[in-house]
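# An overview of the molecular structure
Here's the letter readout for the chains.
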Amino acid sequence: MSSAHKPTPHSRSSYRAFRSIPTRWMDNDMYGHVNNVVYYSWFDTAVNALLIERGALDIHQGQTIGFVVETQCNYFAPIAFPETVEAGIRVAQAGRSSVRYEIALFAQGAETAAAQGHFVHVYVDRATQRPVPLPEALQRVVDSLKA
Ligand SMILES: CC(C)(COP(=O)(O)OP(=O)(O)OC[C@H]1O[C@@H](n2cnc3c(N)ncnc32)[C@H](O)[C@@H]1OP(=O)(O)O)[C@@H](O)C(=O)NCCC(=O)NCCSC(=O)c1cc(O)c2ccccc2c1O
C-alpha cells in the first residue's frame, strides 16, 4: 500500500465517550504485546458496556439485539499488560437498522491512538433475527455519540 493510503492515528478530541479497560496477563502473546484479536473484544466490550450503562441495550431481555456485520482495525503502536487502555467511542453513521461505531484505543494519558477501527452493528429482532428499526432509546444514545 502506498503511503498516501496509510491511515494516521486519531486524537482523543474526535471521540465522544471513553471507557477504561484493564489489560490481562493472558492478553500478551509470544512477542510480549497484546495480540491483534484481543482488540476486537475490546471494541465489543467498550461499545456494549456503554449502551447497557445508558439504557440502550438489554442483552438478556431486550427484543432487539446487535449483530456485527463488519469489523476493521489499524494498529499504530503496541499495547502490553499491565497497561490500562482507554477506549474512545463515536458513531460515524446510522441508518434504519445499522450503526457504524468507531473506536480508538489510547494508552493511558496518550493524546493519539495506539489503534483505531470500527464495527457495524445491524439491530435485529431477537426471535426472527431480521433487521428492525433502531429502538428509540438506542437512537437517542447513537445521536449523542455522533462525530
Ligand atoms: C444481520 C443480518 C441479519 C442482516 O441481514 P441482511 O444483510 O439480509 O439485511 P439487510 O440487507 O436488510 O440490511 C440491513 C442493514 O444492514 C446493513 N448491512 C448489511 N450488511 C452490511 C455490511 N456488511 N456492512 C455494513 N452494513 C451492512 C444494510 O446497509 C442495512 O442498513 P440500514 O441501516 O439501511 O437498515 C445478517 O447479515 C446476519 O445475520 N449476519 C450474520 C451476523 C453474525 O453472525 N455476526 C457475527 C456474530 S454476532 C456478534 O459478534 C455480536 C457482537 C456483539 O457486540 C453483540 C452485542 C450484543 C448482543 C449480541 C452481539 C453479537 O451477537
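Residues numbered from 1 in each chain as written. Predicted model: local features only at pLDDT ≥ 70, side-chain atom pairs only at ≥ 80, totals over all residues. Heavy atoms only, no water.

Taking an unreviewed UniProt entry as the reference, the protein chain is identified by name as 1,4-dihydroxy-2-naphthoyl-CoA hydrolase belonging to Variovorax paradoxus. For the protein chain, the Sequence similarities (unreviewed entry) comment in UniProt is given as "Belongs to the 4-hydroxybenzoyl-CoA thioesterase family." (UniProt positions renumbered as here; feature names shortened; annotations may be inferred.)

## Quick word on the overall build of the protein chain
The number of helices and strands found in the protein chain is 2 helices and 5 strands. Counted from the first residue to the last, the protein chain has its helices and strands arranged as β-α-β-β-β-β-α. For a compact globule of 147 residues, the expected C-alpha radius of gyration is about 15 Å, and the protein chain comes in at 16 Å, within 12% of that figure. By residue count, 39% of the 147 residues in the protein chain fall in the buried class. Contacts in the protein chain between residues at least 24 apart in sequence constitute 72% of all its contacts with a sequence separation of at least 6. (Helix = DSSP H or I, 4+ residues; strand = E, 2+ residues; numbered from the N terminus. Rg over C-alpha atoms; globule rule 2.2 N^0.38 Å. Buried < 20%, exposed > 50% of the residue type's maximum accessible area, 1.4 Å probe, protein only. Contact = heavy atoms within 4.5 Å.)

## Looking at the site of the ligand
For the ligand, the set of nearby residues contains 17 residues, the closest of which are D44, N48, V68, S97 and S98. Between an oxygen atom of the ligand and a main-chain N or O atom of R96, the distance comes to 2.9 Å. Contact distances for the ligand include 3.3 Å between an oxygen atom and a side-chain N or O atom of H121. Contact with the protein chains covers 54% of the free accessible surface of the ligand, which is 1,200 Å². Of all elements in the fold, only α1 (36-53), β2 (64-75) and β5 (115-125) reach the threshold of two or more residues within the shell around the ligand. Take the shell around the ligand: its biggest share by element is 5 residues, from β2. (Near = heavy atom within 4 Å. Polar contact = N/O pair within 3.5 Å; in protein donor to acceptor, adjacent residues only side chain to side chain. Areas by Shrake-Rupley, 256 points an atom, 1.4 Å probe, with all protein chains shown as cover.)

## A short note on the environment of A113
Looking at where A113 falls in the secondary structure, it is placed in the loop between β4 (98-107) and β5. Residues A113 and R90 lie 23 residues apart in sequence; the distance between their C-alpha atoms is 14 Å.

## Quick look at the sheet that holds β5
To summarise the sheet geometry, strands pair through backbone hydrogen bonds and adopt either a parallel or an antiparallel arrangement. Read across the sheet, 5 strands follow the order β1-β3-β4-β5-β2 without closing on themselves; strand pairing throughout is antiparallel. The sheet terminates laterally at β1 (17-22) and β2, the two strands that pair on one side only. Neighbouring strand axes in the sheet, compared pairwise and without regard to direction, differ in orientation by 25 degrees on average. Direction of pairing for β4 relative to β5: antiparallel, over a ladder of 8 bridges. The residue bridging A104 from the neighbouring strand is Q116, located in β5. (Pairing = 2+ DSSP bridges. Axes fitted to C-alpha atoms, helices over the stretch in contact; angles between N-to-C directions.)

## Topic: the pattern of salt bridges
For the coordinates displayed, the defined rule picks out 7 salt bridges. R24 is the salt-bridge partner of D27, the closest N and O atoms lying 2.8 Å from each other. Taken together, the salt bridges that share partners define one network made up of R90, R100 and E102. (Salt bridge = Lys/Arg side-chain N within 4 Å of Asp/Glu carboxyl O.)

## What to know about the side chain of S97
The residue S97 is located in the loop between β3 (84-94) and β4 in this model. When near neighbours in sequence (up to four residues on either side) are disregarded, S97 contacts H121, V122, Y123, P131, V132 and L134.

## A short note on unusual backbone geometry
Along the chain, F81 connects to P82 via a cis peptide bond; the corresponding omega equals 10 degrees. Along the chain, P82 turns up in the loop between β2 and β3. At Q129, a residue that is not glycine, the phi angle is positive and equals roughly 60 degrees. With respect to the helices and strands, Q129 occurs in the loop between β5 and α2 (136-144). Q129 sits in the partly exposed class, given a relative accessible area of 44%.

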